[in-house]
Amino acid sequence: MKQLLCFALLVASVLAGFEEEQWLRYNRHMPGAYHSLGVSVSPPQLSRIVGGVDANIADYPYQLSLRRFNSHFCGASVIAARWALSAAHCTYPLPEASSVHLLGGSADRTGGGVMFDVEEIINHPDYNDWTVEFDVCVLRTVVNLGGVHIAPIALDPSGTTHAPGSRAVVSGWGLNGAGVLPIILQRVDIPVVSEAECSAGWPGWVTPDMICASEAGRDACNGDSGGPLVVGGHQIGIVSWGDPNCVGSPPGVFARVAFPTIRSFIADVTGA
């Protein structure tokens, strides 16, 4: 049976008390031993922005901080008036909706902006917490996701593909390369990676509902989980998992928004 060990040492050096507990529960860059099929590889390490720079929320009005007990634990994005998109591993098992909130309109994860109450959380029905397939979650807010620097992002149409090397941007408040949890939203440009290269980096783990993007020294990491990967103003991915060192090799892995089963789930539930 797969052994899941939380990537605790780095996180513990940054966070303390209850907030640390939330991070350890929902952001699992976990070293492991064997695939269930007997292939000796590292299993999915649930996801930081490494190699990034401070971001202006006015340029990323879709970015949200997913929070429990007033602590950031994952990223999310605005996709419709009352709907946000995130990763299912951030909300598995499903917490009480009333315990979850979304902060929008602020690059500062500790304040400012608008806090939104959540009334419903729906994980993709095919989400697998072992393989991290269909790592998609939608959250419905009590009131419209509106305000200064809060706006939805368009989603990739079903079946859309992106050529390897296409430049994408990933954003979030996850750990940086120095093991520091940033106060200000970070963003970094990274290239989309070919399916062949991604599969070679993660033998036996990459499935068609996933897309890879990163390069040496630029990656997503703990705390970025659930955040958006964007190309040309369209969200193409959701931060899902990757290497615990978050150095861009092997590639970072994202849920593929345009995968038909994922895209239809989002559209059917949210209309986005």
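Our structure's up above, just so we're on the same page.
Here the structure is a predicted model, which is why all the values come from computation and not from measurement. (Residues numbered from 1 in each chain as written. Predicted model: local features only at pLDDT ≥ 70, side-chain atom pairs only at ≥ 80, totals over all residues. Heavy atoms only, no water.)

**Details of the packing of aromatic side chains**
For any pair of aromatic rings, geometry is given as the distance between the ring centres together with the angle between the planes. What counts is decided by this rule: Classification of ring pairs uses Phe, Tyr and Trp, with its six-membered ring standing for Trp, and accepts pairs whose centres are within 6.5 Å; under 30 degrees between planes counts as stacked, over 60 as edge-to-face, and the remaining range as tilted. In DSSP terms, a helix is any run of H or I states spanning at least four residues, a strand is any run of E spanning at least two, and both are numbered starting from the N terminus.
On inspection of all chains with the given rule, the structure shows five aromatic pairs. Note on Tyr92 and Tyr127: the rings are 5.5 Å apart at their centroids and 65 degrees apart in plane angle, and the pair reads as edge-to-face. A residue pair is termed long-range when its members are at least 10 positions apart, and Tyr92 in the loop between β4 (83-86) and β5 (100-104) and Tyr127 in the loop between β6 (114-123) and β7 (137-141) qualify at 35 residues.

**Describing the sheet that holds strand β3 (residues 71-80)**
What counts here: Note: two strands are recorded as paired if DSSP finds a minimum of 2 bridges between them. Whenever a helix is involved, its axis is fitted only over the stretch in contact; in every case the axis is a line through C-alpha atoms, and angles between N-to-C directions fall within 0 to 180 degrees.
Read once around its circumference, the closed barrel built from six strands follows the order β2-β3-β4-β7-β6-β5, with strand pairing classed as antiparallel. When strand polarity is set aside, the average angle formed by the axes of neighbouring strands in this sheet is 45 degrees. One ladder, built from three bridges, connects β3 with β4; its direction is antiparallel. Bridge pairing in β4 links Val78 to Ala84.

**Observations concerning the nonpolar core**
In plain terms, the rule: The set of buried Ala, Val, Leu, Ile, Met, Phe, Trp, Tyr and Cys residues whose side-chain atoms join them within 4.5 Å is what this entry labels a nonpolar core. Per-residue accessibility, obtained with a 1.4 Å probe over protein chains only, is compared with the maximum for each type, and a residue is labelled buried under 20%, exposed over 50%, and partly exposed between these values. All domain edges in this entry derive from an automatic or database-based domain assignment. In this analysis, two residues are considered to be in contact whenever any of their non-hydrogen atoms come within 4.5 Å of each other.
Residues Leu66, Leu85, Leu102, Val136, Leu139 and Ile266 are the most contacted members of the largest nonpolar core, which totals 45 residues. Here the element with the most residues in this core is β3; it accounts for six residues. Domain assignment of the residues forming this core places at least three in each of domain 1 (61-152 + 261-270) and domain 2 (154-258). Sequence-distant contacts of Leu139, that is, excluding residues within four places in its chain, are made with Leu66, Arg82, Trp83, Ala84, Ser86, Val100, Val118, Glu120 and Ile121. Of all hydrophobic cores here, the second largest spans 14 residues; its members include Val188, Ala220, Leu229 and Val231.

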